[in-house]
Amino acid sequence: MGTLKAHRAVTSMEKSSSPSPFRDGNTEAQEGKIHERCPSPPPSPGGPSLLARISTHFTAFKAAALIQRWYRRYMARLETRRRCTWRIFQSIEYAGQQDQVKLHDFFSYLVDHFTPNSNHERDFLNCKFTTERFLQDSEMEKGSDYESIEVPDNYTGPRLSFPLLPDHATALVEAFRLKQQLHARYVLNLLHETRKHLVQLPNINRVSTCYSEEITVCGDLHGQLDDLIFIFHKNGLPSPERAYVFNGDFVDRGKESVEILMILFAFMLVYPKEFRLNRGNHEDHMVNLRYGLTKEVMHKYKTHGKKILKILQDVFCWLHLATLVDEKVLILHGGVSDMPDLELLAKLDRHKVLTTEVVVSTLGRKTRRQKGKQPAKEKAARVPAPELALRPGRLHLGSRGGTGPAAPPASPAAAARPGDPGLDGAGSRQAPQEPGGGEPPALHARSRLGSPEPLQPTQEAWKQVVDILWSDPMAQEGCKANTVRGGGCYFGPSVTEQLLQKYNLQFLIRSHERKPEGYEFCHRRKVLTIFSASNYYEVGSNRGAYVKLGPALTPYIVQYQANKETHRLTMRQRISRVEESALRSLWEKLFASSLDLLGEFKKHDADKTGLITLSAWAEAVESVLHLGLPWRMLKPQLVNSSTDNTLEYKSWLEDLAKEQLSRENIQSSLLETLYRNRPNLEAIFRITDSDHSGFISLDEFRQTWKLFSSHMNIDITDDCICDLARSIDLNRDGHIDINEFLEAFRIVEQSSTEGDTSDCPQATNTDNSGCSKPSKR
Amino acid sequence: MADDKEREGTELVIAEFHKKIKDAFEVFDHEANNTVDVREIGTIIRSLGCCPSEGELHDLIVEVEEEEPTGYIRFEKFLPVMTKVLLEKRYRPIPEDILLRAFEVLDPSKRGFLTKEELIKYMTEEGEPFSQEEMEEMLSAAIDPESNSIRYKDYIAMMVVDDG
């Protein structure tokens, strides 16, 4: 049988190889030759007779061909690893973004289903979700907060005076390069001046190459100051001859978002005509809560951080939505939908769009969400709750979300397109489908408060802005909801074509998506993605780029990688480093789902042997993590290669745990849950900490945790929570430092790694929570 | 009976191959529409453990391309061809000792190394020549800057990648 197979195999190889000079020396043909001489031996390239044969037949030509063949395979495998690594980062990041959506889902869920059993809890919720999230306009205009702030004599950082001069801005760049920090007084002053300036500007900014000879467009920076400094170094500082447009996402993730903002705003004040900033989806206080800007500001400015954040929130709302160059090139952050309405975009009151994030509405009304409620697995859609996403006052939707029945919640209507962000009746592009029927709440609120003018439909305007800030291009035709991001859409080539024709444009420049080369053309070169944060995931992971436009409007791209180290690494080393980083994240995720994984593995192990095939492993892991990763390709890095294609899953999970974390006092299952939800927890705690003090009271902690756990179906006893809280509150003052709390998870010691359900804390809550159902995990 | 078992065994093997091939394909399927750029096919095939020459690769591509080449390869066409390749264990990787022997052929005086110029000459003029990019990349990792040469034994040892 074996012989027959070998024979068949060899013959088919011979058939498929086409004649070419170096093939004679090639092992397969050699095997064929072996076959001719003696039909039985199996082909074994390592056999001595073969080696001898090869050395006599080799020439330099054949040797070179062999080396090349081997080398190309090696490089291909490297490339594959690089792609896989990229996929890991992307899927984890998108999963994180979806977490964000889930987080808001959670709040909505609470509002819908949580029936506070006590006034205390009702007040808590009210207080969390309906606090004034914005200042009155008049309060903003006061703006004299900073004048009272004293700058100490020993302050050695940069000092600003207004009106700003170019030298000041340049000095700022230099100061930040030297890692100095700008004093809060100057920060606030700068922000006030910035706001004053931005208020006068239109939504769509127009630039002309008549004035500046060249215009440089930069994409996402995400707090990476090195890249900004590099760009100025390589391309030159802004000047009347050198215009710049920064296309959003200046902040979050990187550690120097504040510094970038200061520099960008300073140059904008100095060169108002030549230096423009578009708003990105990260110029948004709700997003900042989760992705780092809030944390950074509070960390760097402990006393005045709160003030800074409030003003910043306002400044973000005043940023341009788009920039038009010579009426021909449109620059905006995300993309467009299939119903772009630049006229509407130009007219709407951009200041009203506080956030493009989902925000929960107030307590009270339970009409909504029934139809629109997404099942757990589906990716939620971004839905506006105008009274919190939008400012009150001049443009309808009066309620500021005070307590009591006056607050009308928005109704995410059932979507006309599946997965689409549902819109309310008012001005909805899709067929209005108000579940409650009748008047959309927007108008309802208006009439109730007797508030003024119905201008253009808010929802429509809001949606336009969401589309601009969140959409991504796709290769397929059409336009569909962007389910990965939860907002905006995926737009195809014809949508771009439509847009360009409608407004007589040449092409579109956008950012929003990281690209390995820092830029990418698509839609037949009508759309250019430009991304300026190099090494975004990790050193060596990607290049950054910026694009220059001259009067001919031909895009000229410059790429870079703002890390000297990278240049010295070979591709192999670069890939290894990035891969390590990606794998670490993946390990974390795997660990965080240990219990679920164990459950899945057991399903594949009906005979309870403790073993599963590697194929089953891949299936199980995907079904738990939903990351859509090519697990079989990643297997070598995640599983110690077992010879017989099986895996002892329990010990694999134990190894995971040992690698990750452990804790003396707290049960590992609770820990695992907390760890898995860490990003959400962080965001929740920051929201809870409404005065941005960095501290929350024990009571707030308990309340928040209880609410959270009821939604996540986590069964934790009150005692457990109290223990947890108390163990974190080291100085026993009744307050928990959020940062310490979160840090604790990174360095905990392990007590037990048992994954069996018997170790799970049982739910015995029958008191105030009114939520948990006793169920085993 | 033995035949049935064998058939079942083969079916399992084929099913496993299918999953492997699908995973590898998906890594390069950027638009999630079951197609990949034809220029990536070589990388995919190699990532599955095969080590074809450029000529053999070209032949494979011809097999999986559309009647009128679109620049894209569809999964439906790729899968059966690739499965066959895996089943037949075609294009096996080159064992280290053979590789070493190949280097030694280029170094007849057995110095244990090749100079940078020699390496460039062989890789860009003989066999299936490297592109400039490929050459540069190889040089950056292989050449010892002090001696400006490649000690090929060490180089091979450094570059050996685990076959997952």
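None of these values were measured; they are calculated from a predicted model.

### A few points about the overall build of chain A
Here's step 1: For chain A, the helix and strand inventory stands at 29 helices and 18 strands.
Here's step 2: Taking all 777 residues of chain A together, the buried fraction comes to 60%.
Here's step 3: Looking at chain A alone, contacts between residues at least 24 apart form 75% of all its contacts between residues at least 6 apart.
Here's step 4: Just so you have it, chain A exposes about 31700 Å², and 51% of that area is on carbon and sulfur atoms.

### Details of the overall build of chain B
Here's step 1: Per the secondary structure count, chain B includes 8 helices and 4 strands.
Here's step 2: The order of α-helices and β-strands along chain B, N terminus first, is α-β-α-α-β-α-α-β-α-α-β-α.
Here's step 3: Scored against the burial criterion, the 164 residues of chain B give a buried share of 43%.
Here's step 4: Sequence separation of at least 24 residues holds for 60% of the intrachain contacts in chain B that already meet a minimum separation of 6.
Here's step 5: Of the roughly 8800 Å² that chain B leaves accessible, carbon and sulfur atoms contribute 51%.

### Some details on the packing of aromatic side chains
Residue and element names in this part refer to chain B.
Here's step 1: Taken as a whole, this structure holds 22 aromatic pairs over all chains when the rule is applied.
Here's step 2: Ring plane angle 55 degrees and centroid distance 4.9 Å describe the contact between Phe25 and Phe75, whose orientation is recorded as tilted. Separated by 50 residues along the polypeptide, Phe25 in helix α1 (residues 2-28) and Phe75 in helix α4 (residues 75-87) bring together distant segments of the chain.
Here's step 3: With a relative accessible area of 1%, Phe25 lands in the buried category.
Here's step 4: Since its relative accessible area comes to 11%, Phe75 is described here as buried.

### Notes on the nonpolar core
Here's step 1: If you look at the biggest cluster of nonpolar residues, it comprises 60 residues, and the most contacted ones within it are Leu182, Phe246, Met262, Phe265 and Phe275 of chain A.
Here's step 2: Tallying contributions element by element places helix α10 (residues 257-270) of chain A first for this core, with 12 residues.
Here's step 3: Dropping the residues within four chain positions of it, Phe275 of chain A is found in contact with Phe232, Pro238, Tyr244, Phe246, Leu264, Phe267 and Met268 of chain A.
Here's step 4: Grouped together as the second largest cluster of nonpolar side chains are 58 residues, Val624, Leu647 and Leu656 of chain A together with Phe25 of chain B included.

### Description of the pattern of salt bridges
Here's step 1: The final tally for this structure, using the stated rule, is 34 salt bridges over all chains.
Here's step 2: Among the salt bridges present, the one from Glu66 of chain B reaches Arg74 of chain B, with a minimum N-O distance of 2.8 Å.
Here's step 3: Classification of Arg74 of chain B as partly exposed rests on a relative accessible area of 33%.
Here's step 4: If you follow the salt bridges from partner to partner, you end up with Asp472, Arg510, Glu513, Lys515 and Glu520 of chain A in one network.

### Side note on the sheet that holds strand β14 (residues 555-560) of chain A
Residues and elements named next belong to chain A.
Here's step 1: Ordered in space as β4-β3-β2-β13-β14, the 5 strands form an open sheet in which the pairing is mixed. A strand with exactly one partner marks an edge of an open sheet, and here the two such strands are β4 (275-277) and β14. Neighbour-to-neighbour, the strand axes of this sheet turn through a mean angle of 20 degrees, independent of strand direction.
Here's step 2: Sheet analysis places strand β2 (residues 214-218) next to strand β13 (residues 544-549), joined by 4 bridges and oriented antiparallel. Along β13, the bridge assignment pairs Val217 with Val547.

### Some words on helix α8 (residues 184-199) of chain A
Here's step 1: An ideal rise of 1.5 Å per residue puts 22 Å on 16 residues; α8 of chain A measures up with 22 Å between its terminal C-alpha atoms.
Here's step 2: For α8 of chain A, the tally of buried residues reaches 13 of 16 residues, placing the bulk of the element in the interior.

### What to know about helix α22 (residues 614-625) of chain A
Since the α-helix advances by 3.6 residues per turn, residues separated by three or four positions end up pointing in the same direction.
Residues and elements named next belong to chain A.
Here's step 1: In a regular helix each residue adds 1.5 Å, so 12 residues correspond to 16 Å; α22 covers 16 Å between its end C-alpha atoms and thus fits that length.
Here's step 2: Counting buried residues along α22, 9 of its 12 residues qualify, which places the element largely inside the surrounding structure.
Here's step 3: Taken residue by residue, α22 has Leu614, Ser615, Ala616, Trp617, Ala618, Ala620, Val621, Val624 and Leu625 as its buried positions.
Here's step 4: Within two residues after α22, His626 carries a phi angle of roughly 55 degrees, on the positive side.

### Comments concerning the sheet that holds strand β11 (residues 519-522) of chain A
All names here are of chain A.
Here's step 1: Read from one edge of the open sheet, 6 strands run β1-β5-β6-β10-β12-β11, paired in mixed fashion. Each end of this open sheet is capped by a strand with a single partner; those strands are β1 (204-207) and β11. Each strand axis lies, on average, 20 degrees off the axis of its neighbour in the sheet, ignoring direction.
Here's step 2: Inspection of the sheet shows β1 paired to strand β5 (residues 322-325) by 4 bridges, in the parallel sense. Across the sheet, Arg206 pairs through a bridge with Leu324, a residue of β5.

### A word on the pairing of β5 of chain A
Here's step 1: Across the two faces of β5 of chain A the burial is the same, with Ala322 and Leu324 of chain A and Thr323 and Val325 of chain A all buried.
Here's step 2: Linking β5 of chain A back to strand β6 (residues 329-331) of chain A in an antiparallel pair, the connection comprises 3 residues, with Asp326 of chain A at a positive phi of about 55 degrees.

### Thoughts on the environment of Lys589 of chain A
Residues and elements named next belong to chain A.
Here's step 1: By secondary structure assignment, the location of Lys589 is in helix α20 (residues 571-592).
Here's step 2: Take Lys589: its relative accessible area is 27%, and that puts it in the partly exposed class.
Here's step 3: Taking the C-alpha atoms as reference points, Lys589 and Leu625, separated by 36 residues in sequence, lie 7.9 Å from one another.

### With respect to unusual backbone geometry
Residue and element names in this part refer to chain A.
Here's step 1: The linkage connecting Phe162 with the following residue, Pro163, adopts the cis geometry, with an omega of 5 degrees.
Here's step 2: Position of Pro163 among the secondary structure elements: in the loop between α6 (137-142) and α7 (166-177).
Here's step 3: We note that Arg524 has phi near 55 degrees; this positive angle belongs to a residue other than glycine.
Here's step 4: Take Arg524: it is sitting in the loop between β11 and β12 (527-530).
Here's step 5: Exposure remark for Arg524: the relative accessible area of 64% places this residue in the exposed category.
Here's step 6: The phi torsion at Lys608 lies on the positive side, around 55 degrees, for a residue other than glycine.
Here's step 7: Following the sequence through the fold, Lys608 ends up in the loop between α21 (594-604) and β15 (611-613).

### Let's talk about the packing of α8 of chain A against α10 of chain A
Residues and elements named next belong to chain A.
Here's step 1: Contact geometry of α8 with α10 gives a least axis separation of 10 Å together with a crossing angle of 50 degrees. Taken together, the axis directions place α8 and α10 in an arrangement best described as oblique. Taken as a pair, α8 and α10 cross one another with a handedness that is left-handed. From α8, Val187, Leu190, Leu191, Glu193, Thr194, His197 and Leu198 reach across to α10, where they touch Met262, Phe265, Ala266, Met268 and Leu269.

### Some points on the confidence of the model for chain B
Here's step 1: Residues at a pLDDT of 70 or more form 96% of chain B, whose mean pLDDT is 86.
Here's step 2: For this predicted complex, the interface confidence reaches an ipTM of 0.92, while the overall pTM sits at 0.56.

### Some points on the confidence of the model for chain A
Residue and element names in this part refer to chain A.
Here's step 1: For chain A, the average pLDDT comes to 68, and 55% of its residues sit at 70 or higher.
Here's step 2: Under a pLDDT of 50 for its full length, residues 114-119 has, in the predicted model, 10 contacts with residues more than four places off or in other chains.
Here's step 3: In the predicted structure, residues 358-456 sits below a pLDDT of 50 and forms 213 contacts with residues beyond four places in sequence or in another chain.

### So, the packing of α10 of chain A against helix α12 (residues 293-300) of chain A
Residue and element names in this part refer to chain A.
Here's step 1: The interhelical angle for the contact between α10 and α12, taken along N-to-C directions, is 90 degrees, at an axis separation of 9 Å. In terms of axis orientation, α10 runs roughly perpendicular to α12. Across from Ser257, Val258 and Glu259 in α10, the residues of α12 making contact are Leu293, Glu296, Val297 and Lys300.
Here's step 2: Here the contact of α10 with α12 is composed, by residue class, of 3 nonpolar, 1 polar and 3 charged.

### Observations regarding the state of the cysteines
Here's step 1: One pass over the structure, following the stated rule, counts 0 disulfides over all chains.
Here's step 2: No disulfide involves Cys489 of chain A; its nearest neighbouring cysteine sulfur is the one of Cys479 of chain A, lying 3.6 Å away.
Here's step 3: Counting only cysteine sulfurs, Cys50 of chain B is the nearest neighbor of Cys51 of chain B, a cysteine outside any disulfide, at a range of 8.7 Å.
Here's step 4: For Cys51 of chain B, a relative accessible area of 1% corresponds to the buried category.

About the criteria used
Residue numbers here run from 1 along each chain, matching the order of that chain's written sequence. The order in which chains are written sets their letters, starting at A; the order in which ligands are written sets their numbers, starting at 1. Local features in this predicted model are restricted to residues whose pLDDT is 70 or higher, and side-chain atom pairs enter the listing and the counts only when it is 80 or higher, whereas totals over whole chains, interfaces and linings include all residues. Think of the side-chain values as coming from all heavy atoms in the structure, minus any hydrogens and water. Per the convention used, a helix needs a DSSP run of H or I reaching at least four residues, while a strand needs a run of E reaching at least two, with both numbered from the N terminus. Throughout this description, buried means an accessible area under 20% of the type-specific maximum (1.4 Å probe, protein chains only), exposed means over 50%, and partly exposed covers the range between. Any two residues whose heavy atoms approach within 4.5 Å at even a single point are treated as in contact. The Shrake-Rupley method, run with a 1.4 Å probe, gives the accessible areas here. Residue values count only the displayed protein chains as cover. Only Phe, Tyr and Trp rings are paired, with Trp represented by its six-membered ring, and only when their centres lie within 6.5 Å; those with planes under 30 degrees apart are stacked, over 60 edge-to-face, the remainder tilted. In this text, buried Ala, Val, Leu, Ile, Met, Phe, Trp, Tyr and Cys residues form a nonpolar core when linked through side-chain atoms within 4.5 Å. We define a salt bridge as a contact between a side-chain nitrogen of Lys or Arg and a carboxyl oxygen of Asp or Glu at a distance within 4 Å. When DSSP finds two or more bridges between two strands, those strands count as paired. Fitted lines through C-alpha atoms give the axes, limited to the stretch in contact for helices. The angle between two N-to-C directions lies from 0 to 180 degrees. Given the number of residues in a helix, its expected span is that number minus one, multiplied by 1.5 Å. Should an angle fall under 35 degrees it is called roughly parallel, over 145 degrees roughly antiparallel, and 65 to 115 degrees roughly perpendicular, with every other angle called oblique. A clockwise turn of the near helix away from the far one marks a right-handed crossing, whereas an anticlockwise turn of less than a right angle marks a left-handed crossing. As a per-residue measure, pLDDT reflects the predictor's confidence and takes values from 0 up to 100. Charged means Asp, Glu, Lys or Arg here, nonpolar means Ala, Val, Leu, Ile, Met, Phe, Trp, Tyr, Cys or Pro, and polar covers whatever is left, Gly included. Any two cysteine sulfur atoms lying within 2.5 Å of each other are counted as a disulfide.

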